[in-house]
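# Descriptive structure summary
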Amino acid sequence: MSGWVLRRALQAAVTFLVALAILFVLMRAAPGDPLLRLGGDRPISPKEIAVLRARYGLDQPVGRQLTAFLQGLVHGDLGVSIEYGRPVTALLAERLPATLLLGGSVLLLNFTVGLWLGVRQAVRRGRREDRWLTTLSLAGYAMPSFWLGLVLAWLVGIHWRLLPAAGMQDPLLSSHAGWGTRAVDVLSHLVLPVLTLSVVSIAATMRHQRSAMLEVLRLPYILTARAKGLPERDITWRHAWRNALFPVITLFGLWLPILVTGSVFVEAVFAWPGLGSLAAGAVGNRDYPLLMGTSLLVAALVVASGFATDVAYALLDPRVRLA
Amino acid sequence: MRPVLDALAAAWHHPQGRIGAFILLIVAVTAIVGPWLLPDPLSQPDILIGSTPPGLGHPFGTDQLNRDILSRVVTGARVSLGVALLAVALSMTLGAAVGLVSGYLGGVVDAVLMRLVDGALAIPRLFILLLVLAVWERVPVLALILLIGATGWFATSRIVRAEVLRLREEAYVRAAEALGARRRRIIFRHLLPNVVGPLLVTATLAVGDVILLEAGLSFLGLGIQPPMPSWGGMILESKEVLVSAPWAGIFPGLAIVITVLSANLFGDALRDAVDPRSA
């Protein structure tokens, strides 16, 4: 087992290094000069360009740039954001908790409602309910998250005034408010972004759970359970679901990129102070160091979650290690 | 081509598949013919009138420049579908090429290509595109198509490779090798036709993904540039009039949902036809 984990860890490290190299090449090989954009509407003089080049180390040979980049990375230095004038690492650390709160809530909803619906679909395979649930979840998947977010913000937030449609906290909330009031405040701000992200991502969970469940329901031991006359509900949840849950764990690794991508739009629409809105803002301001830092962090998260899911899966299902 | 036709026929007999294909056809025909029949949205902007709600003259209403939203949505369909089809065609070609080469040759080539694919898959596609596209003041449409296409083949190459690894051991491939067939002949005559089925499924599902991706990029201001109408760009512009003219954003969004949903319904039906275990 430990040998297997080690091999898989090595693989994850290689994957991350390759992703790092790709990001570096993208930054340097992109057509045009990012610095030309820094002046906004004002043209930048060649002299300013030269100064900027020296400041960002762009006058050095590519090899040296790469070493400098890697050295910085090892020391947790991802450069300085152009817009905020502060270290990128500090900004990322500041914004990460809000994104984790958002992503965690979406995950929770997906892995309860999504799994339950997926199991229901498998049990009623091919019937009307199954087909409708598939179509409905696919309709959610087909929605651009920013559009659904805007529609919900308009309808629920502005038209009906039911829930706040922007930010994470009420800026007018008294600083003396107790933690209970604060928690309710944050939760009420959380509802619309979480709902938006869940609607656009729940189809993947449902589909995986459905097909995993169908695989299991085909097996002979289910037939045995039926032959023994067990109630259908026990067969579904106690016999079949227990074995159909493992494959869904792998979904977590696949699913993170979807979540991160969605949160760029959803956070931008709801002004949620997380990594997604940071990245969306960096695009608008052409803040390359910040965009690069966010991409790096996301790549690291994707690789790490892929590794973690594989290990979890191997722990739960020994057959994987033998394969 | 026989298996492809069979899959298409099976998907057509699938209730959801038929609905999807039918709506896609309608959208495609509207995108091709529509712009000639509807008023040119660029011709008469009138800032003084501003946006008007949906009504008789303008079934979807008009936007803040008093441009007819229906015409813009229809012209936007041309743009969105055009970008999606071309980009997906490029992705599938690249994915098939890499998958076939990697799977059939194996060894070092395979190892290097697949490590590259692993690394590329670790960076969500949106972030790759953001990094590259943010350089441009105005993104050229051709560049957008090429870049979306060039970033969409990683997962496809893995699917094709897995299929090739399986096929490589089949008796007929072994027989062809024993008869002295060249690599090129084996790849094109024996392997490619057998991966076309999974490739078709991937391509159909990719169309929906690319429409969403392009809309997202346009929403961030990095995709199709105004005044060319695109669904994502229209939603971006509607943000400013969210309260006073919500219809300006609702209709282009609905167009996206309907088109992407149809493509995915059809893709699902195709998948069931190609791989019956998933049904």
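Every value quoted in this text rests on a predicted model; they were computed, and no experiment measured them.

Conventions we followed
Residues numbered from 1 in each chain as written. Chains lettered and ligands numbered in written order. Predicted model: local features only at pLDDT ≥ 70, side-chain atom pairs only at ≥ 80, totals over all residues. Helix = DSSP H or I, 4+ residues; strand = E, 2+ residues; numbered from the N terminus. Buried ≥ 20, exposed ≤ 12 C-beta atoms within 10 Å, placed from the backbone. Contact = placed C-beta atoms within 7 Å. Nonpolar A, V, L, I, M, F, W, Y, C, P; charged D, E, K, R; others polar. pLDDT = per-residue confidence, 0-100. Expected span 1.5 Å × (residues − 1). Bend = angle between axes of the 7 residues up to and from the residue. Axes fitted to C-alpha atoms, helices over the stretch in contact; angles between N-to-C directions. Parallel < 35°, antiparallel > 145°, perpendicular 65-115°, else oblique. Left-handed = near helix turned anticlockwise from the far one by under 90°.

## Here's the deal with the overall build of chain A
In terms of helices and strands, chain A carries 13 helices and 0 strands. Reading chain A from its N end, one meets helices and strands in the order α-α-α-α-α-α-α-α-α-α-α-α-α. With the C-alpha coordinates of chain A rotated into their principal frame, the extents come out at 85 × 55 × 40 Å. Out of the 323 residues in chain A, the part that is buried amounts to 38%. Of the contacts made within chain A by residues no fewer than 6 positions apart, 73% connect residues no fewer than 24 positions apart.

## Describing the overall build of chain B
Per the secondary structure count, chain B includes 11 helices and 0 strands. Put simply, chain B runs from its N terminus to its C terminus through helices and strands in the order α-α-α-α-α-α-α-α-α-α-α. Dimensions of chain B, computed from C-alpha atoms along their principal axes, come out at roughly 75 × 45 × 30 Å. For chain B, the proportion of its 279 residues judged to be buried stands at 49%. For chain B, the share of sequence-separated contacts (at least 6 apart) that also reach a separation of at least 24 residues comes to 72%.

## Side note on unusual backbone geometry
The step from Pro226 of chain B to Pro227 of chain B runs through a cis peptide bond, and the omega angle for that step is 10°. Secondary-structure assignment places Pro227 of chain B in the loop between helix 9 (183-219) and helix 10 (231-238). In this structure, Ala271 of chain A takes a positive phi of about 50° despite not being glycine. For Ala271 of chain A, the location among the structural elements is in the loop between helix 10 (246-270) and helix 11 (275-284).

## What about the interface of chain A and chain B?
With 44 residues of chain A at the interface, the matching set in chain B holds 41 residues. Of all the secondary-structure elements, those providing two or more residues to the side of chain A that touches chain B are helix 1 (2-29), helix 5 (128-141), helix 6 (145-159), helix 10, helix 11 and helix 12 (288-316) of chain A. The element best represented in the side of chain A that touches chain B is helix 1 of chain A, accounting for 9 residues. Among the residues making up the side of chain A that touches chain B, the classes are represented as 35 nonpolar, 7 polar and 2 charged.

## With respect to helix 8 (residues 220-227) of chain A
Burial analysis of helix 8 of chain A places just 0 of its 8 residues in the buried class, a small minority of the element. At the C-terminal side of helix 8 of chain A, Gly229 of chain A shows a positive phi close to 85°.

## Remarks on the confidence of the model for chain A
Per-residue pLDDT for chain A has a mean of 85; in total, 93% of the residues score no lower than 70. Within chain A, the lowest mean pLDDT, 66, falls on helix 13 (residues 319-322) of chain A, and the highest, 92, falls on helix 4 (residues 88-123) of chain A.

## What about helix 6 of chain A?
Counted at 1.5 Å a residue, the expected span for helix 6 of chain A with its 15 residues is 21 Å, and the 20 Å between its end C-alpha atoms agrees. Bending of helix 6 of chain A peaks at approximately 25° at the position of Ala153 of chain A. Within the span of helix 6 of chain A, buried status applies to Ser145, Phe146, Trp147, Leu148, Gly149, Leu150, Val151, Leu152 and Ala153 of chain A. Next to the buried residues of helix 6 of chain A lie helix 7 (179-217) and helix 10 of chain A together with helix 9, helix 10 and helix 11 (247-274) of chain B.

## Some points on the environment of Leu251 of chain A
Residue and element names in this part refer to chain A. By secondary structure assignment, the location of Leu251 is in helix 10. On the basis of neighbour count, Leu251 is assigned to the buried category, with 20 C-beta atoms found within 10 Å. A C-alpha to C-alpha distance of 17 Å links Leu251 and Ala300, two positions 49 residues apart in sequence. If we skip the residues at most four places from it in the chain, Leu251 touches Ala204, Thr205 and His208.

## A look at the packing of helix 2 (residues 15-37) of chain B against helix 11 of chain B
Residues and elements named next belong to chain B. For the pair helix 2 and helix 11, interaxial distance at closest approach is 7 Å and the crossing angle is 140°. Taken together, the axes of helix 2 and helix 11 are oblique relative to one another. In the crossing of helix 2 with helix 11, the sense of the turn from one axis to the other is left-handed. Mapping the contact onto sequence places Gln16, Gly17, Ile19, Gly20, Ala21, Ile23, Leu24 and Val27 in helix 2 and Ile258, Thr259, Ser262, Ala263, Leu265, Phe266, Asp268, Ala269 and Leu270 in helix 11. Taken together, the residues that form the contact of helix 2 with helix 11 break down as 11 nonpolar, 5 polar and 1 charged.

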